[in-house]
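Structural overview
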Amino acid sequence: MISSLRLRAAIVSVALLAGFLLLWHLGTQGTAPTANLDPEYARLMGATAVEGKSAFPGPAEVLGKFWWHLSHAFYDNGPNDKGLGIQLIFSLARVLGGFGLAVAVALPLGFLIGMSPLMHRALDPFFQVLKPISPLAWMPLALYTIKDSATSAIFVIFICSLWPMLLNTAFGVAAVRKEWLNVARTLEVGPFRKAFRVILPAAAPTILTGMRISIGIAWLVIVAAEMLVGGTGIGYFVWNEWNNLSITNVINAILVIGLVGMVLDLILARLVKLVTYPE
Amino acid sequence: MAMFDDAFDPGSRLTRCSCGKHASQTAHDAEAAGQRASAAADEDSRYGRIIDQAVMRALFPDDTTRRNFLKTVGASTALAAVSQFFPLAAAKEAFAAGTIGPLEKKDVKIGFIPITCATPIIMAQPMGFYSKYGLNAEVIKTAGWAIIRDKAMNKEYDAAHMLSPMPLAISLGVGSNPVPWTMPAIENINGQAITLAMKHKDRRDPKDWKGFKLAVPFDYSMHNYLLRYFLAEHGIDPDKDVQIRAVPPPEMVANLRADNIDGFLAPDPVNQRAVYDGVGFIHILSKEIWDGHPCCAFSASREFVTQNPNTFQALLRSIVDATAYATKAENRKEIAAAIAPANYLNQPVTVVEQVLTGTFADGLGNIRKVPDRIGFEPFPWQSMAVWILTQMRRWGQLKEDINYGSVATQVYLAVDANRAMREAGLTPPNESFKKHVIMGKEFDPGKPREYIDSFAIKRS
Ligand SMILES: [Zn+2]
Ligand SMILES: [Zn+2]
């Protein structure tokens, strides 16, 4: 029964995709070539203006280009033109850098807040003010104070992945069942042992869920940040192709951004599963 | 090509060409080609002429006087006479390639915005002008003018392509922190255009443009000041009758297609790209507003210039050489092919070629031939800086009057000539001021306040 449901769902998925591709193909057929155009003049004009080619690329063009990017992922034509694979490495390095810093800050701070109602109350107003600030709004400030665009991008990733992790850690720690802590107290477990052996395993699913939210946000923000500061990364790639009005390449980049985001999310989801034990 | 003309030729004018024909090699070859070919072929004589010009400008600020003097005494007598007062030979030697000291810094980063204004800065990399002077230069594409400013101020870049008003704005602290900035060379003159959406092809009189939404690339740009000037001369108040907004160049074409804006005054290749994609037509080239106007510039912080004098000299000479190469019409196709790839402009070659060669589709079905659509001349006329400052004041970007002339002198370095002369123990010329004519109206850099007062439409 379950497998037949799965099969039927797969059939519907494929049908939806096929329908979408067909509509896309039909929608980008373009118009008839412009009549009576002086060939000398036509030579100076683009395909959209002369052949009536659709300004938006069709699925075949996009997929063809996608294949090209896959087979040329690591070319390097100088500082402003590198393959998608190299750009992804730059972006992932920035995300992991900012994310790692955020982990290093959010875990201890989250523990502190989760275990101490006093600190929770004292710090809460700050979080309430800082949390809703759009990560990109930090960018000009970071550029101005840090005076380095690469570090600024990492800082922006840090700040945007900090809050979900921090709040989830604090929440997870505070929600550890009182009985377990009482047991630990009766057995005279030391504070560090208590933190690592009792609280951490109990709060881990919540903490990792926070991390999963964080990495999703970080991946969204890095694209925007790199479009802003340029240089390298998948966001720069989008900007550079947008500059050339190459919708084909922009769609390709969107596909790759989506795929990588999905992989990051899957990894964290798997980790959450690993640390979750049925009570 | 005032920069590479022979100062001792009575026929050559030391002022910028008002007819524009001296930038047009095809139309003007007979008198100019010989001079220019030899000037560009022989570097020593090219630098020599820069020095000659600087000295002659110092002696005879007025062009007519100088021409009369040369006619009367003859060029060779004049040369001998001038050499007695100024050690011209020493000055030329100091500027010749061999005299750059050891480079303080060989690896340099130069930021650029992907537009044809940056041609000399960009082409100098693939075509080897930087490496000729021992520089290992990386030219880094940058997303926008605010970012290029911030990266240059953060010293991530050693030098940068900027809009010519930006070094003035940075030095004055308008729109950013005040940091002493220098502009040793203009990159290009002309080379911009007003492009309108296809639906306006029958509304060619600016008086009919009330309610238009127009875009410029940056608030502190020649584009903004030229568009405002152009509109105001046609009786349209740029703040009240139309909307002008700053839009990054790549988004201009997309916005034109999406009908979000009616047109723009933009750098190329944006205008040509709008034509190429069939979404707009070129209403007027910027050279038809002010022939010979400056646009973009090669700039560096004063700190970089003073701490790395030799590197700076090497950079500047690379740019001057690239500029000289770019002035020749026969090189323009080769340059277009060199700067069009994804690593640089990332545009179809034919678009870049149409901009550089000046043989282009106008979007209305005509092929126009304007060989000096874009020109490359490095001399930073300080009078142009004064004009820019008067427009900043006119439109309220500057809140009060300043000493226009002295700011212009501090920021727009006539370094190419002056610096070499100073090193040779000479008194550098101050005469880099001259009158300009914009849409038939004369601008006297000696009377900035009177000039601002002479406009009916203004904010101050
Ligand atoms: Zn002329
Ligand atoms: Zn420009």
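The rules behind each value
Residues numbered from 1 in each chain as written. Chains lettered and ligands numbered in written order. Predicted model: local features only at pLDDT ≥ 70, side-chain atom pairs only at ≥ 80, totals over all residues. Heavy atoms only, no water. Helix = DSSP H or I, 4+ residues; strand = E, 2+ residues; numbered from the N terminus. Rg over C-alpha atoms; globule rule 2.2 N^0.38 Å. Buried < 20%, exposed > 50% of the residue type's maximum accessible area, 1.4 Å probe, protein only. Contact = heavy atoms within 4.5 Å. Areas by Shrake-Rupley, 256 points an atom, 1.4 Å probe, with all protein chains shown as cover. Lys, Arg positive; Asp, Glu negative; His and termini not counted. Charge placed at Lys NZ, Arg CZ, Asp CG, Glu CD. Buried area = accessible area lost by both parts, 1.4 Å probe. Salt bridge = Lys/Arg side-chain N within 4 Å of Asp/Glu carboxyl O. Polar contact = N/O pair within 3.5 Å; in protein donor to acceptor, adjacent residues only side chain to side chain. Pairing = 2+ DSSP bridges. Axes fitted to C-alpha atoms, helices over the stretch in contact; angles between N-to-C directions. Donors = N, O, S within 2.8 Å, 3.2 Å for Na, K, Ca; no water. Left-handed = near helix turned anticlockwise from the far one by under 90°. Nonpolar A, V, L, I, M, F, W, Y, C, P; charged D, E, K, R; others polar. Domains from an automatic or database assignment. Patch = residues over 30% accessible without salt bridge, like charges linked within 9 Å, V, L, I, M, F, W, Y side chains within 5 Å. Right-handed = clockwise from strand over helix to strand, strands pointing away. Core = buried A, V, L, I, M, F, W, Y, C linked by side-chain atoms within 4.5 Å.

Below, the discussion takes up the overall build of chain A. Helix and strand counts for chain A stand at 12 helices and zero strands. When the elements of chain A are put in sequence order from the N terminus, they spell out α-α-α-α-α-α-α-α-α-α-α-α. Its C-alpha radius of gyration of 25 Å places chain A more than 25% over the 19 Å reference for a compact globule of 279 residues. Taken along the three principal axes of its C-alpha coordinates, chain A extends 90 × 60 × 35 Å. The 279 residues of chain A split such that 42% are buried. Taking contacts inside chain A between residues at least 6 apart in sequence as the whole, the part at least 24 apart equals 68%. For chain A, the exposed surface amounts to about 15,600 Å²; the carbon and sulfur share of it is 72%. Averaged over its 19 positive side-chain charges, chain A has a centre that lies 16 Å from the centre of its 14 negative ones.

Turning our eyes to something else, we now look at the interface of chain B and chain A. Contacts between the two partners involve 41 residues from chain B and, on the opposite side, 33 residues from chain A. Across the interface of chain B and chain A, roughly 2,900 Å² is buried in total on both sides, 53% from carbon and sulfur atoms. Where chain B touches chain A, the interface holds zero salt bridges. Our enumeration of links across chain B and chain A arrives at 17 residue pairs in polar contact (both at pLDDT 80 or more). At the level of elements, strand E2 (136–141), helix H8 (145–153), helix H11 (249–257), helix H12 (270–276), helix H16 (349–357) and strand E12 (359–361) of chain B are the ones that each hand at least two residues to the side of chain B that touches chain A. In terms of residues, the side of chain B that touches chain A owes the most to one element, H11(B), which gives five residues.

Looking now at the sheet that holds strand E6 (residues 192–197) of chain B. Residues and elements named next belong to chain B. Reading across from one edge, E8-E7-E9-E6-E10 is the order of the five strands in this open sheet, with mixed pairing throughout. The outermost strands of the open sheet, each flanked by one partner alone, are strand E8 (243–246) and strand E10 (280–285). Taken over all neighbouring pairs, the strand axes of this sheet differ in orientation by 25° on average, direction set aside. The pairing of strand E7 (residues 213–216) with strand E9 (residues 263–267) spans two bridges and is parallel. Within the sheet, the bridge partner assigned to Ala-215 lies in E9 and is Phe-264.

Time to look at the coordination of the zinc ion (ligand 2). Residue and element names in this part refer to chain B. Bound to the zinc ion (ligand 2) on the protein side are Cys-117 (SG), Cys-295 (SG) and Cys-296 (SG), at distances that span 2.2 Å. All donors of the zinc ion (ligand 2) come from a single chain, and their spacing in sequence reads C-x177-C-C. You can see Cys-117 sitting in the loop between strand E1 (107–112) and helix H6 (119–123) and its partner Cys-295 sitting in the loop between E10 and strand E11 (296–301), a full 178 residues away along the chain. No difference in accessibility class separates Cys-117 from Cys-295, as the two residues are buried.

Moving on to the sheet that holds strand E4 (residues 181–186) of chain B. Residues and elements named next belong to chain B. Spatially, five strands are ordered E2-E1-E3-E11-E4 in an open sheet, and the strand pairing comes out mixed. The sheet is open, and its two borders are formed by E2 and E4, each paired with just one other strand. Between one strand axis and the next, the sheet turns through 30° on average, direction left out of account. Across six bridges, E1 lies against E2 in parallel orientation. The residue of E2 that forms the bridge with Val-108 is Ala-137.

As a further point, take the packing of helix H5 (residues 84–115) of chain A against helix H10 (residues 191–229) of chain A. Residues and elements named next belong to chain A. Relative to each other, H5 and H10 sit at 145°, their axes nearing to 8 Å. Considering only the axes of H5 and H10, their crossing is right-handed. Contacts from Leu-88, Phe-90, Ser-91, Leu-92, Arg-94, Val-95, Phe-99, Val-103, Leu-107, Phe-111 and Met-115 in H5 reach Lys-194, Ala-195, Ile-199, Leu-200, Ile-207, Met-211, Ser-214, Ile-215, Ala-218, Trp-219, Ile-222 and Glu-226 in H10. Across the contact of H5 with H10, the residue classes break down as 18 nonpolar, two polar and three charged.

Below, the discussion takes up the domain arrangement of chain A. All names here are of chain A. Domain boundaries in chain A define domain 1 (1–53) and domain 2 (57–275). Between domain 1 and domain 2, the residue contacts involve five residues of the former and six residues of the latter. Both faces considered, domain 1 and domain 2 share a buried interface measuring about 410 Å² in area, 71% of it formed by carbon and sulfur atoms. Linking domain 1 to domain 2 there are zero salt bridges. Our count for the domain 1 to domain 2 interface comes out at one residue pair in polar contact (both at pLDDT 80 or more). Partitioning the side of domain 1 that touches domain 2 into residue classes produces two nonpolar, two polar and one charged.

Moving on, we get to a nonpolar patch on the surface. A cluster of nonpolar residues, A:Val263, A:Ile267, A:Leu271 and A:Leu274, forms a patch on the protein surface that exposes about 350 Å² of accessible area. Classification of A:Ile267 by relative accessible area gives partly exposed; the value is 46%.

Residues and elements named next belong to chain B. As judged from the four bridges shared by E7 and E8, these two strands associate in the parallel manner. Residue pairing for E8: Ala-215 is matched across the bridge by Arg-245. You can see the chain leave E7, run along helix H10 (residues 222–233) and come back into E8, and the turn it takes is right-handed.

Residues and elements named next belong to chain B. Formed by 68 residues in total, the largest nonpolar core has its most connected members in Leu-168, Ile-194, Trp-387 and Met-392. If one sorts the elements of this core by residue count, H10 sits on top with eight residues. In this structure, this core is formed jointly by two domains, domain 2 (107–190 + 294–347 + 375–429) and domain 3 (192–290 + 350–367), each of which donates at least three residues. With sequence-adjacent residues up to four places away left out, Leu-168 is seen in contact with Ala-385, Ile-388, Leu-389, Met-392, Val-407, Val-411 and Tyr-412.

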